Amino acid sequence: MRIFVAPAQLVRGELHVTGDEHHYLSRVRRSRGGEIVELVDGEGRRARAEIARITDTETIMNVDEPEVIVALPPVVRVLVPLIKGDRMDSCIEKLVEVGADAVIVWAAARSVVKLDEHKRIQRLAHYQAIAVAAARQSGRATVPEVLWAGSLAVAIGELSPEGRLVLDPASDRPIADAVPPGAMDIALASGPEGGLAPDEHDALVRAHFTPVGLGPRVLRTDTAPVAAVAIVRATTRT
């Protein structure tokens, strides 16, 4: 069993857990005193803790000495356009599960969804909460950050120059053949429901993104980046 705590809370000694994580332990998992919990701070540290007691408002734990979890390369950052409906939520959830380290959301020319500033702030907070839940469920020690890029140029600037890949249904090149050997940081870009606009695709190619394919079938915009990250992780075996 694993929960997330703030980095400042992850210290040896007694810890009082409130809020969503207390609700998860007391109501969802129905935990009891004496149970062992793994605490992670979302930044690569963890600690073993034993539940001392649970009240209506908090869970009290005795925490052991924290340790650092060494992250294995490569870092995988994914550029994902806004997707309509619940499929955006599902895409972010699955990206976290298969091993994405950061998700950069952007408004592609052919994205159906358009957000004003107020809605964008709310939506990003919602997406980050999904990332936290997915990290807990999948046993990750770190929570991938969900970021917003106001333009493709800004989005490209957030991605690594080391290994850049763009999903292209017209490409016959497998992802496994395009991942640079020993790459420490890989960037993966995908398009919206209607595909990347020609100028967006050209901009990515000019920025040294290698077009790669996922086989003979055209996958949905929420499925394609998830499959691509899974292939990258399998290729690099981390």
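Scroll up to find the structure this text is about.
The rules we used
- Residues numbered from 1 in each chain as written.
- Predicted model: local features only at pLDDT ≥ 70, side-chain atom pairs only at ≥ 80, totals over all residues.
- Heavy atoms only, no water.
- Salt bridge = Lys/Arg side-chain N within 4 Å of Asp/Glu carboxyl O.
- Helix = DSSP H or I, 4+ residues; strand = E, 2+ residues; numbered from the N terminus.
- Buried < 20%, exposed > 50% of the residue type's maximum accessible area, 1.4 Å probe, protein only.
- Axes fitted to C-alpha atoms, helices over the stretch in contact; angles between N-to-C directions.
- Parallel < 35°, antiparallel > 145°, perpendicular 65-115°, else oblique.
- Left-handed = near helix turned anticlockwise from the far one by under 90°.
- Contact = heavy atoms within 4.5 Å.
- Lys, Arg positive; Asp, Glu negative; His and termini not counted.
- Polar contact = N/O pair within 3.5 Å; in protein donor to acceptor, adjacent residues only side chain to side chain.
- Pairing = 2+ DSSP bridges.
- Phe/Tyr/Trp six-rings, centres within 6.5 Å; stacked < 30°, edge-to-face > 60°.
- Lys NZ or Arg CZ within 6 Å of the ring centre and 35° of its normal.
- Core = buried A, V, L, I, M, F, W, Y, C linked by side-chain atoms within 4.5 Å.
- Nonpolar A, V, L, I, M, F, W, Y, C, P; charged D, E, K, R; others polar.

A.B. asks: Talk me through the pattern of salt bridges; I want residue IDs and the actual numbers.
C.D. replies: Scanning all chains against the criterion turns up 13 salt bridges. Two residues, E21 and R136, come together in a salt bridge whose shortest N-O distance is 2.7 Å. Within this pair, whereas E21 is found in helix α1 (residues 19-28), its partner R136 is found in helix α3 (residues 117-138), the two being separated by 115 residues in sequence. The burial state of E21 is the same as that of R136; both residues are buried. Of the charged contacts in the structure, one is a salt bridge between R46 and E67, with a shortest N-O distance of 2.7 Å. Here R46, found in strand β4 (residues 45-54), pairs with E67, found in strand β6 (residues 67-68); they are 21 residues apart in sequence, far enough to count as distant. Note on R46: relative accessible area 28%, which makes it partly exposed. Each of R2, E38, R46 and E67 takes part in salt bridges that share partners, so that together they form one network.

A.B. asks: Could you give me a rundown of the packing of helix α2 (residues 87-98) against α3, with the residues and numbers involved?
C.D. replies: Across the interface, α2 lies against α3 with an axial gap of 8 Å and an inter-helix angle of 40 degrees. Considered as vectors, α2 and α3 are oriented oblique to each other. Handedness of the α2/α3 crossing: right-handed. The residues of α3 that touch α2, namely those facing M88, D89, I92, E93, V96 and E97, are H126, Y127, I130, A131, A134, A135, Q137 and S138.

A.B. asks: How would you summarise the side chain of R164 if you had to cite specific residues and measurements?
C.D. replies: Examined against the element boundaries, R164 turns out to sit in strand β10 (residues 163-167). Buried and unpaired, R164 has no salt bridge, with D185 as the nearest side chain of opposite charge at 8.7 Å. Looking at R164, its side chain comes within polar contact range of the main-chain oxygen of A207, at 2.9 Å. When near neighbours in sequence (up to four residues on either side) are disregarded, R164 contacts I156, L159, A187, A207, H208, F209 and T210.

A.B. asks: Give me the lowdown on the pairing of β10, citing residues and values where you can.
C.D. replies: Consecutive side chains along a regular strand alternate between the two faces of the sheet. Burial within β10 is extensive, with five of its five residues counted as buried. In the sheet, β10 pairs with strand β12 (residues 210-212) via three bridges, with the strands oriented parallel. What sits directly across from V166, in β12, is P211.

A.B. asks: How would you summarise the packing of aromatic side chains if you had to cite specific residues and measurements?
C.D. replies: Both the distance between ring centres and the angle between the ring planes are used here to describe each pair of aromatic rings. For the coordinates displayed, the defined rule picks out zero aromatic pairs. In this structure, R136 is placed above the aromatic ring of Y24, and the distance from its NZ or CZ to the ring centre is 4.3 Å.

A.B. asks: For the nonpolar core, give the residues involved together with the corresponding values.
C.D. replies: The tendency in soluble globular proteins is for nonpolar side chains to be buried as a group. Membership of the largest hydrophobic core comes to 39 residues, with the highest contact counts inside it found for V80, L95, Y127, L165 and I175. Going through the elements one at a time, β7 (75-81), α2, β8 (102-106), α3, β10, α5 (175-178), β11 (185-189) and α7 (224-236) are the ones with two or more residues in this core. Beyond its immediate sequence surroundings of up to four residues, L95 is in contact with V78, V80, A100, V103, P225, V226 and V229. Core analysis: the next-biggest nonpolar cluster, separate from the first, contains 16 residues, L79, A187, L204 and A207 among them.

A.B. asks: For unusual backbone geometry, give the residues involved together with the corresponding values.
C.D. replies: Phi is positive for R30, which is not a glycine, with a value near 50 degrees. Relative to the helices and strands, R30 resides in the loop between α1 and β3 (36-40). Look at H208: it is not a glycine, yet its phi comes out positive at around 70 degrees. Here H208 shows up in the loop between α6 (198-206) and β12.

A.B. asks: Break down the sheet that holds strand β9 (residues 145-149) for me, with residues and values.
C.D. replies: Pairing within the open sheet is parallel, and its six strands lie in the order β9-β8-β7-β11-β10-β12. Only two strands of the sheet have a single partner each, and these edge strands are β9 and β12. Within the sheet, the average angular offset between the axes of one strand and its neighbour, ignoring direction, is 25 degrees. In this structure, β7 lies alongside β8, joined through five bridges in parallel fashion. Bridge pairing in β8 places V80 opposite V105. Packed on one face of the sheet, α3 meets β8 and β9 and runs near 155 degrees to β9.

A.B. asks: Lay out the packing of α2 against α7 with the relevant residues and their values.
C.D. replies: Their axes nearest at 9 Å, the elements α2 and α7 cross at an angle of 5 degrees. Comparing the axis directions of α2 and α7 gives the class roughly parallel. The segment α2 lies against α7, with C91, K94, L95 and V98 engaging P225, V226, V229, A230 and R233. Residue composition of the contact of α2 with α7, by class: seven nonpolar, no polar and two charged.

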